Amino acid sequence: MTDAIVVKELVKRYGSLSAVDHISFDVASGECFGSLGPNGAGKTTLIRVLTGLIRKTEGEAFVSGYDVTKQADHVRRAIGVVSQAMTTDLDLSGWENLDIYARYYEVPLKARKARIALLLDLIGLASRAGDLVATYSGGMRRRLEIARGLIHRPKILFLDEPTIGLDPQSRRVVWELLQQFRREEQLTIFLTTHYMDEADLLCDRIAIIDNGKIIALDTPENHKKEIPGSDIVDVTLERDDTNEGIETIIAEMETLPFVHQVIRHSGGQESGPDVLNIYSDNGAQAIPVLMERLQARGMKILAMGLKQQTLEDVFIHYTGRSIRSEGGKKVSYLIGAGLPRRWGN
Amino acid sequence: MMRVWAFVERDLRKFIRNPLAMLSTILLPIVYLLIIGNAFQGTLKHLPLAVVDQDHGPYAKRMSDRLRSIEAGPNTIRVIFEHDPAFAEAEVRSGKLKGALMIPPHFSRDILRGTGPQLGLLLDNTDAVAASALNQAVSGALAFLEVDSVPIRADLKAPRVLPLELYRRIDYDASIVPGAVIMSIFMGAMITGAFNLVMDRYLGVHESYLSTPLTRRDIVLGIMISGVLVTTLVGLFVLGAGIWLTGLPVAGGATSFLAVLLVIVLTALGLLGMMCIFLARVDHPRIVGLFGGFLNIILFFPSGAVYPIESFPPWLRSFTRYNPETYAVHALKSILFKGAQWDAIQGDLIFLGSFTLIMFLLSTGMYRRTL
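Residues numbered from 1 in each chain as written. Chains lettered and ligands numbered in written order. Predicted model: local features only at pLDDT ≥ 70, side-chain atom pairs only at ≥ 80, totals over all residues.

### Remarks on the overall build of chain B
Alright, step 1. In terms of helices and strands, chain B carries 16 helices and four strands.
Alright, step 2. Since a compact globule built from 371 residues should have a radius of gyration of about 21 Å, the 28 Å found for chain B marks it as more spread out than a globular shape.
Alright, step 3. Its C-alpha atoms give chain B principal-axis dimensions of about 95 × 45 × 35 Å.
Alright, step 4. A separation of at least 24 residues holds for 82% of the contacts in chain B among residues at least 6 apart in sequence. (Helix = DSSP H or I, 4+ residues; strand = E, 2+ residues; numbered from the N terminus. Rg over C-alpha atoms; globule rule 2.2 N^0.38 Å. Contact = placed C-beta atoms within 7 Å.)

Next comes the structure, spelled out in structure tokens:
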């Protein structure tokens, strides 16, 4: 297999902020590669550099064998892009959106018509092709955008948070569609997401990104193996501002034979309750013992649950915080809520 | 060119599906034409003037008659007779009257004796234009007060001015039709062309087409072609409406129409290119609104569309030399009012053509192909 994407020591800086900080990886042809991280981690900046939408500061990046800076036009012809924001034209019909984009790629008339008909059929929008996109639901619009990204038969498809804002049913439809296209069109897929289940289901390999750096890169299975214990007991405790009691109980728990590791975080809220993720081989057996120890220490338990480990836990394992923590949104003070997209996340 | 035409089609389809935008582009210049054209009409009319006759002599009566004939003829003034000078003065001060003419006692006697007869004219000089017009009207009435009758035959020995009008008479409302057309082109250039790019940036739509093989030249050329098609149609429609509403007698035939079309197309392209430069990096429609209002004032009013350029102060006259709308208005006035041929508008066309070319090259250079 040849490499569809090669990235070496890639850096993108905005002033003193490094949105992408010396990232290196490669993606094989036909692979589905995921970039997983919270908002603000640098995923969108990375995808924008690779698709030629913003210029890199340092390092090298090759897509389909072409340098993303020096051979941007070749890169654009080889790739399809589905942006995070919905970017189909609302005042055009589904057919018109696809037709106009096919002409941007100079797809000849006959091939264009056949391709549009096929794609509309595959995404289940053939009967709504003549309707204005303004009348489509979010899920329909997202399917149309995926079709638009594939209109010129690209070798590589970039998707930036493809299911963000969609309801669970629409998300599942998009996942099935991506799997189908990958199979039928021998596509290489590069996607960013902050949904663990999405990355787990679709990706062959996942790069976990935080603060512009790749902190782990492996298959979903191998990522999960990194975490000791197959079960996780989540305990939510009333916040301990003194810090002493909670640190003592964590140290005590880690001495228990069935507990591998205890991670404390605030569940994605800055001043939220203390959440303990207790990694264990047998969660069901551990729960009564853990409750007894916590109550003996006078800790107030707000909630307790048992679950199988997921990529969310992998992320917490590596970063010590939840992936749901929101990044800040930049706003122009001059004209109100404008100019945020340039910065990406 | 497939890419450029695809971009053109996208913009045109979007524009056609927003009829409100097209309607406002057409309506504003027409409303402007109707309001400004009818409000100003070139000369002032119906200025209320009180006449307080304290003399009641023959020359006071003659003065009143002269003023009445001005009221009946050119309509510059509306005469109101008052008895109380204090009341008349109060009415002027309150703004109900623009002026009050005081004919003092013994006015007729002083004329007959030749002992320096005087009239008092109280003027609301906060309205300088109206005050000047009233002063002129009263001075005109006073000029031949001592002449008992106006001879039917002119005195052949006296020197005279014979005004020869070179062209057909154009009323003021008709005279601002070229200005209304240029305004419609400006409005069209504001809401098409670069505005679509601003909206694309605002909605994030540009992110998708910037990742396609579209080049900077494709994008700028595409928006300029779609913009010029819409703007030319709007300009022609406003011209037709202006001719119909004002009864403007249009000089020339098919050649004039082609010349008008050329001026409209070149003006539209130049303004679209200029908008592309100014809005090349704007990503909020609010800025376009603020910027458009400002630009309309600094380009339109010094263009000669509503007031002769020659009467501007020197600094403003200098600016008009670089204002594309000056050349567009001049060319349209020459063609429509004078039936001018190519050589008369050659300079205007050369300026507009050069301006368009420079704007296109600069806007292509300034457009950023990245986010």
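### Here we look at the interface of chain A and chain B
Alright, step 1. The partner chain B presents 25 residues to the 28 residues of chain A that form the contact.
Alright, step 2. Among the elements that make up the side of chain A that touches chain B, the one with the highest residue count is helix α3 (residues 94-104) of chain A (five residues).
Alright, step 3. Looking at the side of chain A that touches chain B, its residues break down into eleven nonpolar, five polar and twelve charged. (Nonpolar A, V, L, I, M, F, W, Y, C, P; charged D, E, K, R; others polar.)

### Focus: the sheet that holds strand β8 (residues 188-193) of chain A
Residue and element names in this part refer to chain A.
Alright, step 1. One open sheet accounts for six strands, arranged β6-β7-β8-β3-β9-β10; its pairing is mixed. Every other strand in the sheet has two partners, leaving β6 (79-82) and β10 (213-218) as the edge strands with one partner each. For this sheet, the mean angle separating the axes of adjacent strands, direction not counted, is 15°.
Alright, step 2. The sheet contact formed by β6 and strand β7 (residues 156-160) spans four bridges and is parallel. (Pairing = 2+ DSSP bridges. Axes fitted to C-alpha atoms, helices over the stretch in contact; angles between N-to-C directions.)

### Quick look at helix α9 (residues 194-203) of chain B
Residue and element names in this part refer to chain B.
Alright, step 1. For α9, a buried count of seven out of ten residues is recorded, marking the element as mostly surrounded by other parts of the structure.
Alright, step 2. Considered for burial, the residues of α9 that qualify are Ala194, Phe195, Asn196, Leu197, Val198, Asp200 and Arg201.
Alright, step 3. The elements touched by buried residues of α9 are α1 (2-16), α8 (177-191), α10 (206-210), α11 (216-246), α12 (254-278) and α13 (285-300).
Alright, step 4. Following α9 by one or two positions, Gly204 has its phi on the positive side, about 80°. (Buried ≥ 20, exposed ≤ 12 C-beta atoms within 10 Å, placed from the backbone.)

### Overview of the nonpolar core
Alright, step 1. Counting residues in hydrophobic clusters, the biggest one holds 156 residues, and the most contacted among them are Phe158 and Ile278 of chain A.
Alright, step 2. Those residues within four positions of Phe158 of chain A in sequence are excluded, and the remaining contacts are Ile47, Leu50, Thr51, Ile79, Val81, Val82 and Phe190 of chain A.
Alright, step 3. Counting residues in each nonpolar core, the second largest holds 23 residues, with Leu49, Leu97, Ile103 and Leu134 of chain B among its members. (Core = buried A, V, L, I, M, F, W, Y, C linked by C-beta atoms within 7 Å.)

### A closer look at the sheet that holds strand β1 (residues 3-14) of chain A
Whether parallel or antiparallel, the strands of a sheet pair through hydrogen bonds between backbone atoms.
All names here are of chain A.
Alright, step 1. An order of β2-β1-β4-β5 is seen for the four strands of this open sheet, with the pairing classed as antiparallel. Each having just a single partner strand, β2 (17-28) and β5 (66-67) make up the two edges of the open sheet.
Alright, step 2. Relative to β2, β1 is paired through eight bridges, and the arrangement is antiparallel. Paired with Asp3 across the two strands is Ala28, which belongs to β2.
Alright, step 3. Relative to β2, helix α1 (residues 43-50) is tilted by about 60°, and along the sheet it contacts β1, β2 and β4 (58-63).

### Describing the pairing of strand β2 (residues 77-82) of chain B
Residues and elements named next belong to chain B.
Alright, step 1. Alignment of strand β1 (residues 47-53) against β2, held across six bridges, turns out to be parallel. In the sheet register, Val52 faces β2, and the bridge partner there is Glu82.
Alright, step 2. Note that the unit made of β1, helix α3 (residues 58-72) and β2 has a crossover that is right-handed. (Right-handed = clockwise from strand over helix to strand, strands pointing away.)

### What about the domain arrangement of chain A?
Quite often, the size of an interface is put as the accessible area lost when its parts meet.
Alright, step 1. Domain parsing of chain A yields domain 1 (3-224) and domain 2 (229-308).
Alright, step 2. Of note, the centres of domain 1 of chain A and domain 2 of chain A, computed from C-alpha atoms alone, are 39 Å apart. (Domains from an automatic or database assignment.)

### Overview of the packing of α11 of chain B against helix α16 (residues 342-366) of chain B
Residues and elements named next belong to chain B.
Alright, step 1. Their axes nearest at 9 Å, the elements α11 and α16 cross at an angle of 135°. Relative to α16, α11 is oriented oblique. Where α11 crosses over α16, the handedness of that crossing is right-handed. Of α16, the residues touching α11 (which contributes Arg216, Arg217, Val220 and Met224) are Phe360, Ser363 and Thr364.
Alright, step 2. When grouped by side-chain class, the residues that make up the contact of α11 with α16 number three nonpolar, two polar and two charged. (Parallel < 35°, antiparallel > 145°, perpendicular 65-115°, else oblique. Left-handed = near helix turned anticlockwise from the far one by under 90°.)

### Focus on α3 of chain B
Residue and element names in this part refer to chain B.
Alright, step 1. With 15 residues, α3 ought to run about 21 Å at 1.5 Å a step, and its terminal C-alpha atoms sit 21 Å apart, in line with that.
Alright, step 2. Burial in α3 covers these residues: Ala60, Met63 and Leu67. Looking straight down α3, one finds that the buried residues subtend no more than 60° of arc, so they occupy a single side. Among the exposed residues of α3, those pointing more than 90 degrees away from its buried face are Asp65, Ser69 and Ala72.
Alright, step 3. In the core, the buried residues of α3 are packed alongside β1, β2, β3 (99-103), α5 (107-113) and α6 (128-143). (Expected span 1.5 Å × (residues − 1). Arc of directions from axis to C-beta.)

### Things to note about the domain arrangement of chain B
Alright, step 1. What the domain assignment lists for chain B is domain 1 (18-40 + 171-366) and domain 2 (47-143).
Alright, step 2. Distance from the C-alpha centre of domain 1 of chain B to the C-alpha centre of domain 2 of chain B: 47 Å.

### Some points on the pairing of β1 of chain A
All names here are of chain A.
Alright, step 1. The antiparallel pairing of β1 with β2 creates a hairpin that spans two residues between the two strands, and Gly15 there sits at a positive phi of about 65°.
Alright, step 2. Of the pairings in the sheet, the one linking β1 to β4 comprises five bridges and is antiparallel in character. Bridge pairing in β4 places Val6 opposite Phe62.

### Here we look at unusual backbone geometry
Alright, step 1. A positive phi angle, close to 55°, is found at Ser64 of chain A, a residue other than glycine.
Alright, step 2. Within the secondary structure, Ser64 of chain A sits in the loop between β4 and β5.
Alright, step 3. Overall, Ser64 of chain A belongs to the buried group, with 20 C-beta atoms counted inside 10 Å.
Alright, step 4. A positive phi is found at His46 of chain B, a non-glycine position, where the angle reads about 55°.
Alright, step 5. For His46 of chain B, the location among the structural elements is in the loop between α2 (19-40) and β1.

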